[in-house]
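The primary structure of each chain is shown beneath.
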Amino acid sequence: MKVFAIALFFTVLVTGCYSGDDYNQTIIVRAENSVRFENQKNYVVGDTLFFEIEFSRYLEEDGFTTLLDVYETTEATAFSFSFGLLKFSDFSNTYEFINVDSELVLGPRPDDSSSNGFYGNQLVAVLDVTTQEQYYSRIGLILVETGDYQLDLDFLSFNPPYDPNKVQLRIENVVTNDTSLDVGFTVAEE
């Protein structure tokens, strides 16, 4: 009985010291209007559509008066992201997600030697080496099929390489009310 009481005491003690906050903590910050897309609205097969990602190294964090230095926090010179592409379907009368061959997407990709945690067809926004104030990426999408399309940037977020020994950070793109992002375009035969 005495052994059981001691075991119970240590179990309660250890359980009381553990809080779920010690592991898998993710800080979420927001970057406003980080996408620039000068949409021509009408393209022809073979054109390349371009858009840019840019966000500051210093972002507001809820509950704090000073800006969070995302580089100092993560030591990441690149943040991964991906975007979606939707094509209008006459069958469903809605826009549907389509897979894009990675060879048709132009832009910086994670370096294999530093891609710890990057998976799939990812692109990266890279810290500007000159000023070290902004993360930037220019993305091109080679258009190969006719149709009505939309870029899907609704859930765009940026993530540093995964490191289980560090606090995780996710940067979410937020489009403010004073900015509209026109993501629809048409691709026609030449």
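Everything in this summary refers to the structure shown in the same document.

Analysis parameters
Residues numbered from 1 in each chain as written. Predicted model: local features only at pLDDT ≥ 70, side-chain atom pairs only at ≥ 80, totals over all residues. Heavy atoms only, no water. Salt bridge = Lys/Arg side-chain N within 4 Å of Asp/Glu carboxyl O. Helix = DSSP H or I, 4+ residues; strand = E, 2+ residues; numbered from the N terminus. Buried < 20%, exposed > 50% of the residue type's maximum accessible area, 1.4 Å probe, protein only. Core = buried A, V, L, I, M, F, W, Y, C linked by side-chain atoms within 4.5 Å. Contact = heavy atoms within 4.5 Å. Pairing = 2+ DSSP bridges. Phe/Tyr/Trp six-rings, centres within 6.5 Å; stacked < 30°, edge-to-face > 60°. Lys NZ or Arg CZ within 6 Å of the ring centre and 35° of its normal.

### Focus: the pattern of salt bridges
As enumerated under the stated definition, the model contains nine salt bridges in all. With its nearest N and O atoms 3.2 Å apart, the salt bridge here joins aspartate 182 to lysine 41. A residue pair is termed long-range when its members are at least 10 positions apart, and aspartate 182 in the loop between β15 (168–174) and β16 (184–188) and lysine 41 in the loop between β2 (35–36) and β3 (42–44) qualify at 141 residues. Under the relative-accessibility criterion, aspartate 182 is labelled partly exposed at 39%. Between arginine 170 and glutamate 172 there is a salt bridge, with its nearest N and O atoms 3.3 Å apart.

### Regarding the nonpolar core
Among the nonpolar cores identified, the biggest contains 36 residues, and Phe51, Ile53, Leu151, Ile171 and Phe185 are the most heavily contacted of them. Those elements that place two or more of their residues in this core are β1 (26–32), β4 (48–56), β7 (78–81), β11 (123–127), β12 (134–142), β13 (147–152), β15 and β16. Look past the residues within four positions of isoleucine 171 in its chain and what remains in contact with it is Val29, Ala31, Phe55, Leu59, Val70, Phe79, Leu156, Ser157 and Phe158.

### Thoughts on the pairing of β12
Direction of pairing for β4 relative to β12: antiparallel, over a ladder of nine bridges. Bridge pairing in β12 places leucine 49 opposite leucine 141. Inspection of the sheet shows β11 paired to β12 by two bridges, in the antiparallel sense. Across the sheet, the residue bridging to valine 126 is tyrosine 136, located in β12.

### Here's the deal with the packing of aromatic side chains
Evaluated as defined, the whole model comprises ten aromatic pairs. An angle of 85 degrees between the planes, with centres 4.9 Å apart, marks the rings of phenylalanine 79 and tyrosine 135 as edge-to-face. Placement of phenylalanine 79 in strand β7 and of tyrosine 135 in strand β12 is noted, with a sequence separation of 56 residues between them. Summarising the burial analysis for this pair, phenylalanine 79 and tyrosine 135 share the class buried. Measuring from ring centre to ring centre gives 5.7 Å for phenylalanine 81 and phenylalanine 158, while their planes differ by 70 degrees; the resulting arrangement is edge-to-face. Here phenylalanine 81 is found in strand β7, whereas its partner phenylalanine 158 is found in strand β14 (residues 157–158), with 77 residues between them in sequence. In this pair, the class of phenylalanine 81 matches that of phenylalanine 158, namely buried. Within the aromatic cluster, the residues linked to one another by ring pairs are Phe55, Phe79, Phe81, Tyr135 and Phe158. The aromatic ring of phenylalanine 50 is capped on one face by arginine 138, whose charged end is 4.2 Å from the ring centroid.

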